[in-house]
Amino acid sequence: MEKQVVTKAMIMSAGVGSRLEPLTFTVPKPLIPIANKPVMDILLEKLRNIGITNVIANTYYLADKIIDRYKNNNLGINFNYIKEETLSGTAGGLKKCQSFFTKGDVFVVLSGDGLTNADIQKGIEKHLASNAVATIGIKRIPHEEVSHFGVVVTDKNGFIKEFQEKPSVEKAKSNYINTGIYIFNYEIFDYIPENTFYDFAKNVFPELLKKCGINTFEINEYWTDIGTISQYKQSHKDLFEGLCEFQHAPIHEQNGGKYISQSEIPSDTEFRGVSTIGFNCKLGKNVVIQNCIIWDNVEIADNTVLKNCIIASNSRILSDINEQTIPANEIIEKDFFLDLKEPEKINA
């Protein structure tokens, strides 16, 4: 029997990303950059690298920004999309994409805020060998962190016995979590009603457990999501530490710090810790940048000290700032001065 080839995927891209505000006031969550590359670019490149080139996204919040970026892309992806008029849940969003898939298809579903080096091809192969309708990527985490995630309890064969949604540390029966990386057979649509708000974790998976079981594959590689400001900052640190891998501009060292930049950096700029600088940024004289994420078209005045900040695109920074997340199109003047403590020693 000829081995089935998987060529299609869906990226869940409808979420508002409220926990990433104020960054998501002007940018949808899938377009939030990691080392100056939108998360969705990274996802699409990883799919293309395993031969998945037909991709659909469900869009809702700032949908046109996602559509405009990918409808004529240079990533080797045949990009399709739907626009949701109202949010319909994780499974409801997939249901609205049903016409993109063909009976008999096996396909991948990814979250638009996921950053991972997961071996998705391994997951596909395990799924195809299992005859399951659904296979979920799971990852082992420290037991003390389980209360933040959906916990998965499996049997000796890797099939799910039980889900626990954000259990207390004391009540958790496992320290494996659902990563939101799914491989489905076309039959998954039989478990999702039309025109109904429907969620994988709350609605689809409990029903699948009763009817036919759910398979898993373990992700030993890097995985996180960028769903909060703190996780977003951590993902950049992970990149510099070599924990997360994808194609990006080179890492430079200057005056003791490390940085990735798509802009010209003056020689008198002082870097501490790890930072990223986007496209078309203008840095003044004697600027100090410590553990910052700076997006595109940002202007930084002479003698400015920036510490532990995220600065969104098209902002002008005319004053020192510390521990701040600056929305797009802002002007931070002397009136906004934030008293900086003595910089901590950073081990970059």
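Residues numbered from 1 in each chain as written. Predicted model: local features only at pLDDT ≥ 70, side-chain atom pairs only at ≥ 80, totals over all residues. Heavy atoms only, no water.

J.: Quick question: what am I supposed to make of the overall build of the protein here?
T.: Check the secondary structure of the protein and you find six helices and 27 strands. Taking 2.2 N^0.38 as the reference for a compact globule, 348 residues should give roughly 20 Å; the C-alpha atoms of the protein span a radius of gyration of 22 Å, in line with that estimate. By principal-axis analysis of the C-alpha atoms, the protein measures approximately 65 × 45 × 35 Å. Looking at the protein residue by residue over its 348 residues, the buried ones come to 56%. Considering only intrachain contacts with a sequence separation of at least 6, the fraction spanning at least 24 residues in the protein is 56%. Counting every atom, the protein has about 16400 Å² of accessible surface; 45% of that belongs to carbon and sulfur. (Helix = DSSP H or I, 4+ residues; strand = E, 2+ residues; numbered from the N terminus. Rg over C-alpha atoms; globule rule 2.2 N^0.38 Å. Buried < 20%, exposed > 50% of the residue type's maximum accessible area, 1.4 Å probe, protein only. Contact = heavy atoms within 4.5 Å. Areas by Shrake-Rupley, 256 points an atom, 1.4 Å probe, with all protein chains shown as cover.)

J.: Which parts of the structure should I look at to understand helix α1 (residues 39–49)?
T.: Each turn of an α-helix holds 3.6 residues, which means side chains three or four residues apart point in the same direction. For α1, the buried fraction is high: eight of the eleven residues fall into the buried class. Among the residues of α1, those classed as buried are V39, M40, D41, I42, L43, L44, E45 and L47. A positive backbone phi angle near 90° is found at G51, which sits one or two residues after α1.

J.: Sorry if this is basic, but what is going on with the confidence of the model for the protein here?
T.: Detailed reading of the predicted model is not advised wherever pLDDT is low. Confidence along the protein averages 92 in pLDDT terms, with 95% of residues attaining 70 or more. A low-confidence stretch, residues 337–348 stays under pLDDT 50, and its non-local contacts, those more than four residues away or across chains, total 27 contacts. (pLDDT = per-residue confidence, 0-100.)

J.: Any chance you could explain the pairing of strand β9 (residues 150–154) here in plain terms?
T.: Look at any regular strand and the pattern is simple: side chains alternate between the two faces of the sheet. Burial analysis of β9 places four of its five residues in the buried class, the great majority of the element. Looking at chain direction, β9 and strand β10 (residues 160–165) are connected through five bridges and run antiparallel. Considered in β10, the bridge of T154 is made with I160. Between β9 and β10, which pair antiparallel in sequence order, lie five residues; one of them, G158, sits at a positive phi of approximately 85°. Sheet analysis places β9 next to strand β11 (residues 176–185), joined by two bridges and oriented antiparallel. Across the sheet, V151 pairs through a bridge with I177, a residue of β11. (Pairing = 2+ DSSP bridges.)

J.: Sorry, what's going on with the environment of V287 here?
T.: Relative to the assigned elements, V287 resides in the loop between β18 (282–283) and β19 (288–290). Of the residues examined, V287 reaches a relative accessible area of 0% and is grouped as buried. Put simply, V287 and I120 are 167 residues apart on the chain and 42 Å apart in space, counted from C-alpha to C-alpha.

J.: What should I look at first to understand the sheet that holds strand β20 (residues 293–294) in this one?
T.: Remark on secondary structure: sheet strands pair via backbone hydrogen bonds, oriented parallel or antiparallel. Spatially, β14-β15-β17-β20-β23-β26 is the arrangement adopted by the six strands of the open sheet, whose pairing is mixed. In the strand order of this sheet, the two ends are held by β14 (251–254) and β26 (325–326), each with one partner. When strand β15 (residues 257–262) meets strand β17 (residues 274–279), the two strands line up parallel, connected through five bridges. Paired with I260 across the bridge in β17 is T276.

J.: Would you mind going over the sheet that holds β18 with me for this structure?
T.: Ordered by their spatial adjacency, four strands build an open sheet running β18-β21-β24-β27, and the pairing between neighbours is parallel. In the strand order of this sheet, the two ends are held by β18 and β27 (331–332), each with one partner. Direction of pairing for strand β24 (residues 316–317) relative to β27: parallel, over a ladder of two bridges. Pairing of I317 across the sheet is with I332, part of β27.

J.: Mind showing me how you'd approach helix α2 (residues 63–70) here?
T.: Among the residues of α2, those classed as buried are A63, I66, I67 and Y70. Along the long axis of α2, the arc covered by the buried residues comes to 95°, so they all point the same way. Where the residues of α2 are buried, they touch β1 (8–13), β3 (37–38), α1, β4 (54–59) and β5 (78–83). (Arc of directions from axis to C-beta.)

J.: Would you mind showing me how to read a nonpolar patch on the surface here?
T.: Together, V16, Y60, L87 and F197 give the surface a local cluster of nonpolar side chains, amounting to about 340 Å² of exposed area. Overall, F197 belongs to the exposed group, its relative accessible area being 54%. (Patch = residues over 30% accessible without salt bridge, like charges linked within 9 Å, V, L, I, M, F, W, Y side chains within 5 Å. Salt bridge = Lys/Arg side-chain N within 4 Å of Asp/Glu carboxyl O.)

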